[in-house]
6 protein chains.
Amino acid sequence: MPIVTIELIEGRSVDQKRDMAKKITETITEITKIPQDAVEIIFHDMKKENYSKGGLFAIDM
Amino acid sequence: MPIVTIELIEGRSVDQKRDMAKKITETITEITKIPQDAVEIIFHDMKKENYSKGGLFAIDM
Amino acid sequence: MPIVTIELIEGRSVDQKRDMAKKITETITEITKIPQDAVEIIFHDMKKENYSKGGLFAIDM
Amino acid sequence: MPIVTIELIEGRSVDQKRDMAKKITETITEITKIPQDAVEIIFHDMKKENYSKGGLFAIDM
Amino acid sequence: MPIVTIELIEGRSVDQKRDMAKKITETITEITKIPQDAVEIIFHDMKKENYSKGGLFAIDM
Amino acid sequence: MPIVTIELIEGRSVDQKRDMAKKITETITEITKIPQDAVEIIFHDMKKENYSKGGLFAIDM
């Protein structure tokens, strides 16, 4: 705790995720003073056929 | 926002999801007056071995 | 199952939620042929100070 | 309802999940007196490259 | 990790939640051999006006 | 999209949340090149009686 869940369209590299996880963890630690080790981050990769905005699927945009 | 997440056993076609996304977006827009473009829908496909009801897995029913 | 979660800024009436729940359930039943009784919908009311878009809080927009 | 979601690093067997689902369902039924059939459990398998703790990915630990 | 989220209609006592948390943690530890301290459980209390099954709200059943 | 959900023990100030939302949005925008306006962040405030780690509730630690 805190537990951060990030829903993202698939296609980000492991390096991009690693970089986001590192910086978001630092931000939360710096602002809340919660120990860094307690910050957990989960990425959910969404397929383009599983995300709709305004009634349109990402595969149809 | 609003953000709608739908947990479904895998096996629905893209057309079925597209149809659900379109109609659910229209329903929310009509009732809340929130602009259609702000409505996001995420489908999570569950494997049958990842869903249990009453202590029984979908693969065992 | 299916399980639908809807994150909404607080302030919708019970009647609006009831109406959304009814119509979304009908849509899912009609398209997937899953029995109506199996469709569950959960609303999460978000405070305006708990939702940010583009780095701005709803209370600051 | 209740709806239980379990985020787990991938690699557990179907038997382990079945066993967890059975026992967790029994625990909830016993304590809340909610009928067993109403307890639903969803497992989300996380890839090691999708989980970070303390800013470090599971694949880097 | 694992991270367990439990959506429940409001009204369970702290003692019931404490008892569920303790037993579910033990079950997961016993089956997966993950250290007990790594198991986190989050309860989400749902108001009756925020949960619908089969298109009917809990407050209307 | 991306949609970021942050589960936090209650008690953070609006200023702390605003600061986290701003910096996390900047981080995601910088790394993924997704337009800033598409990044949404939702905070879920957990009561101490709703969070357990290692089978112990935050109110009992």
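All values reported here derive from a predicted model rather than from experimental measurement.

K.L.:
How would you explain empty space enclosed by the protein if you had to name every residue and give the values?
P.N.:
Sizing a probe to match a water molecule and rolling it over the atoms shows the empty space that remains. One pass over the structure, following the stated rule, counts one cavity of 30 Å³ or more. Of the voids in this model, the largest cavity is the one considered here, and its volume is about 580 Å³. Taken together, the residues that form the lining of the largest cavity break down as 12 nonpolar, 12 polar and six charged.

K.L.:
Quick one: what's the story with the side chain of Thr5 of chain E, residue by residue and with numbers?
P.N.:
Residue position: Thr5 of chain E is located in strand E1 (residues 3-9). Sequence-distant contacts of Thr5 of chain E, that is, excluding residues within four places in its chain, are made with Ile3, Val4 and Thr5 of chain D together with Ile42 and His44 of chain E.

K.L.:
An account of the sheet that holds strand E3 (residues 51-53) of chain F is needed here, citing residue identities and associated values.
P.N.:
Spatially, E4(B)-E3(B)-E2(D)-E1(D)-E1(E)-E2(E)-E3(F)-E4(F) is the arrangement adopted by the eight strands of the open sheet, whose pairing is mixed. With one partner strand each, in any of the chains shown, strand E4 (56-57) of chain B together with strand E4 (56-57) of chain F form the two edges of the open sheet. Looking at chain direction, strand E3 (residues 51-53) of chain B and strand E2 (residues 40-46) of chain D are connected through three bridges and run antiparallel. By the bridge assignment, Tyr51 of chain B is partnered in E2 of chain D with Ile42 of chain D. Running over the sheet, helix H1 (residues 14-32) of chain D touches E3 and E4 of chain B together with strand E1 (3-9) and E2 of chain D and is turned about 145° from E2 of chain D. Each of E1 and strand E2 (40-46) of chain E together with E3 and E4 of chain F is contacted by helix H1 (residues 14-32) of chain E, which is oriented at about 145° to E2 of chain E, the strand it contacts most.

Calculation notes
Residues numbered from 1 in each chain as written. Chains lettered and ligands numbered in written order. Predicted model: local features only at pLDDT ≥ 70, side-chain atom pairs only at ≥ 80, totals over all residues. Heavy atoms only, no water. 1 Å grid on protein atoms, 1.4 Å probe; cavity = no way out; pocket = protein on both sides within 12 Å on 5 of 7 lines; lining within 4 Å. Points joined across faces, edges and corners; volume = space filled by probe spheres on them. Nonpolar A, V, L, I, M, F, W, Y, C, P; charged D, E, K, R; others polar. Helix = DSSP H or I, 4+ residues; strand = E, 2+ residues; numbered from the N terminus. Contact = heavy atoms within 4.5 Å. Pairing = 2+ DSSP bridges. Axes fitted to C-alpha atoms, helices over the stretch in contact; angles between N-to-C directions.

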